[in-house]
Amino acid sequence: MAEAIAEAIKAPVFAITSSEPSAVEDFDLLIVGTPVEGFNPAKETTAFVERLPKTEGKKAIIFCTCALWKGRTFGTLKNKLSSKGYETILSTSKKMKKDTPADFSESINQIQKAIEK
Ligand SMILES: Cc1cc2nc3c(=O)[nH]c(=O)nc-3n(C[C@H](O)[C@H](O)[C@H](O)COP(=O)(O)O)c2cc1C
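Engineer: Any details on helix H2 (residues 43-50)? Residues and values, ideally.
Structural biologist: Taken together, the buried positions of H2 are Thr45, Phe48 and Val49. The arc enclosing the buried residues of H2, seen along the axis, measures out at 95°, which places them on a common side. Of the exposed residues in H2, the ones pointing more than 90 degrees away from its buried face are Lys43 and Glu50. Looking at the buried side of H2, the elements it contacts are strand E1 (29-37), strand E2 (40-41) and helix H3 (73-83).

Engineer: Now, about the environment of Gln112: what can you tell me, with residues and values included?
Structural biologist: Within the fold, Gln112 resides in helix H4 (residues 105-116). For Gln112, a count of 12 C-beta atoms within 10 Å puts it in the exposed group. Separated by 95 residues in sequence, Gln112 and Thr17 have C-alpha atoms that sit 26 Å apart. The contacts of Gln112, once residues within four sequence positions are left out, are Ala8 and Ile9.

Engineer: Requested: an account of the packing of helix H1 (residues 2-9) against H4, with residues and values cited.
Structural biologist: Where H1 contacts H4, the two axes come as close as 10 Å, and the packing angle between them is 45°. With respect to their mutual orientation, H1 and H4 come out oblique. As for how H1 packs across H4, the hand of that crossing is right-handed. Residues Ala4, Ile5, Ala8 and Ile9 of H1 pack against Ile108, Ile111, Gln112 and Ile115 of H4. Of the residues contributing to the contact of H1 with H4, the split by class is seven nonpolar, one polar and no charged.

Engineer: For the site of the ligand, give the residues involved together with the corresponding values.
Structural biologist: Taken together, 13 residues sit near the ligand, with Pro35, Thr65, Cys66, Ala67 and Met96 positioned nearest. It is E1 that provides the largest number of residues to the shell around the ligand, a total of three residues. A class-by-class count of the residues in the shell around the ligand yields eight nonpolar, three polar and two charged.

Engineer: Quick one: what's the story with the pairing of strand E4 (residues 86-95), residue by residue and with numbers?
Structural biologist: With nine bridges connecting them, strand E3 (residues 58-66) and E4 associate as parallel partners. Across the sheet, the residue bridging to Ile62 is Ser91, located in E4. Where the polypeptide runs from E3 across H3 and back to E4, its parallel neighbour, the crossover connection is right-handed.

Here is what the cut-offs are and how they apply
Residues numbered from 1 in each chain as written. Predicted model: local features only at pLDDT ≥ 70, side-chain atom pairs only at ≥ 80, totals over all residues. Buried ≥ 20, exposed ≤ 12 C-beta atoms within 10 Å, placed from the backbone. Helix = DSSP H or I, 4+ residues; strand = E, 2+ residues; numbered from the N terminus. Arc of directions from axis to C-beta. Contact = placed C-beta atoms within 7 Å. Axes fitted to C-alpha atoms, helices over the stretch in contact; angles between N-to-C directions. Parallel < 35°, antiparallel > 145°, perpendicular 65-115°, else oblique. Left-handed = near helix turned anticlockwise from the far one by under 90°. Nonpolar A, V, L, I, M, F, W, Y, C, P; charged D, E, K, R; others polar. Near = placed C-beta within 6 Å. Pairing = 2+ DSSP bridges. Right-handed = clockwise from strand over helix to strand, strands pointing away.

Don't take any of this as a statement about function, it's just geometry.
Quick look at the structure:
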């Protein structure tokens, strides 16, 4: 999903598990995504957001993939991002179905609209 979004909006994509959170300092908008695990963000995503440098006036977009129910995923990330100085302007999710190619166009459209605003 990250790669589909990055390609659509011509943004660089970074893997959370192998990137330093300080890499975000070069950008005004952070789009951060995660698979849902146990009704929450994957622990790697939470750890990454907790290590972000504090900022002011930057915006964030959250996306997630899940099988059925995303639970507290958006709330958890939104709160942690807020404590780092980010205003979340959009949260968008995609339910993944086994054996069906994923179509991320709805989330990509939402992200493009949010960025235009
Ligand atoms: C340990 C674990 C916990 C998960 N917990 C949830 C969950 O609470 N809710 C949910 O909808 N999906 C859950 N999933 C499914 C993942 O979100 C899903 O596998 C992921 O978004 C990627 O989709 P894919 O496996 O179809 O590629 C879980 C998966 C794993 C491995």
